[in-house]
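Architecture and fold: a report
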Amino acid sequence: MENYDQLLVYLWTRLEHFDNDCVTFLRKHSKKYVEIEQEMNEILEHTTIKNFLINEDSIYLTEEGHKLFIRYMGLENYLYTLENAVIYLLGCHDTTILQSIFHEFKNEKESMFQKTEEQ
């Protein structure tokens, strides 16, 4: 049971930091990612867009504001796609580690079950 607890702690810790690891990796290795983040921040400097995203009251956008908002959402979607690709690739890497942990856990559980049957 101790290995199971360790597995849960490992998984929880890994998941807590997964998004942060992904963004850190992209900021370090992808010039395009950093450029898009900068463009998004520039769009957020427009008061109308900032208010539109955070305000719960009714807000109307001008044609220019609407174009900026559409651009912002497209950039956000692109970054999300990049982040998901990195998460997938990091997940593939972690699969090897997780397989060994699951294998250990399975073997321990099976040996505990066999001991119970022998008694």
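Shown above is the structure to which this text applies.
As the structure is a computational prediction, the values presented were derived from the model and not from experiment. (Residues numbered from 1 in each chain as written. Predicted model: local features only at pLDDT ≥ 70, side-chain atom pairs only at ≥ 80, totals over all residues. Heavy atoms only, no water.)

**What about the nonpolar core?**
Formally: Here, nonpolar core refers to any group of buried Ala, Val, Leu, Ile, Met, Phe, Trp, Tyr and Cys residues whose side-chain atoms link them within 4.5 Å. Each residue gets one of three labels from its accessible area relative to the maximum for its type: buried under 20%, exposed over 50%, partly exposed in between, using a 1.4 Å probe on protein chains only. Helical segments are the DSSP runs of H or I of at least four residues, strand segments are the runs of E of at least two, and each set is numbered from the N terminus. Any two residues having at least one pair of non-hydrogen atoms within 4.5 Å are treated as being in contact.
Counting residues in hydrophobic clusters, the biggest one holds 14 residues, and the most contacted among them are Met40 and Ile43. Only helix 1 (2–29), helix 2 (31–44) and helix 4 (63–118) provide two or more residues apiece to this core. Leaving out residues up to four positions away in the same chain, Met40 has contacts with Tyr72, Leu75, Glu76 and Leu79.

**Observations concerning the packing of aromatic side chains**
What describes a pair of aromatic rings is the distance from one ring centre to the other and the angle between the planes of the rings. Here is the rule: Put simply, two rings from Phe, Tyr or Trp (the six-membered ring, in Trp's case) pair if the centres are within 6.5 Å, and we call them stacked under 30 degrees between planes, edge-to-face over 60, tilted for the rest. In this analysis the charged atom, NZ for Lys or CZ for Arg, is taken to sit over a ring once it is within 6 Å of the ring centre and within 35 degrees of the ring normal.
This structure, assessed with the given rule, holds one aromatic pair. A ring pair is formed by Phe52 and Phe69, whose centres lie 4.7 Å apart and whose planes are at 75°; its orientation type is edge-to-face. With Phe52 in helix 3 (residues 47–54) and Phe69 in helix 4, the pair connects residues that are 17 residues apart, well separated along the chain. Residue class for Phe69 comes out buried when judged on its relative accessible area of 17%. Looking at Lys32, its charged tip hangs above the ring of Tyr78, at a distance of 5.8 Å from the centre.

**Some remarks on the pattern of salt bridges**
Note the cut-off: By definition here, a salt bridge exists when the distance from a side-chain nitrogen of Lys or Arg to a carboxyl oxygen of Asp or Glu is within 4 Å.
Here the structure, examined in full by the defined rule, presents three salt bridges. Note that Glu37 is salt-bridged to Arg27, the shortest N-O span being 2.8 Å. With Glu37 in helix 2 and Arg27 in helix 1, the pair connects residues that are 10 residues apart, well separated along the chain. For Glu37, a relative accessible area of 18% gives the class buried. For Glu39, the salt bridge goes to Arg71, with nearest N and O atoms at 2.8 Å. Linking Glu39 in helix 2 with Arg71 in helix 4, this pair joins segments that are 32 residues apart in sequence. When its relative accessible area of 42% is taken as the criterion, Arg71 is described as partly exposed.

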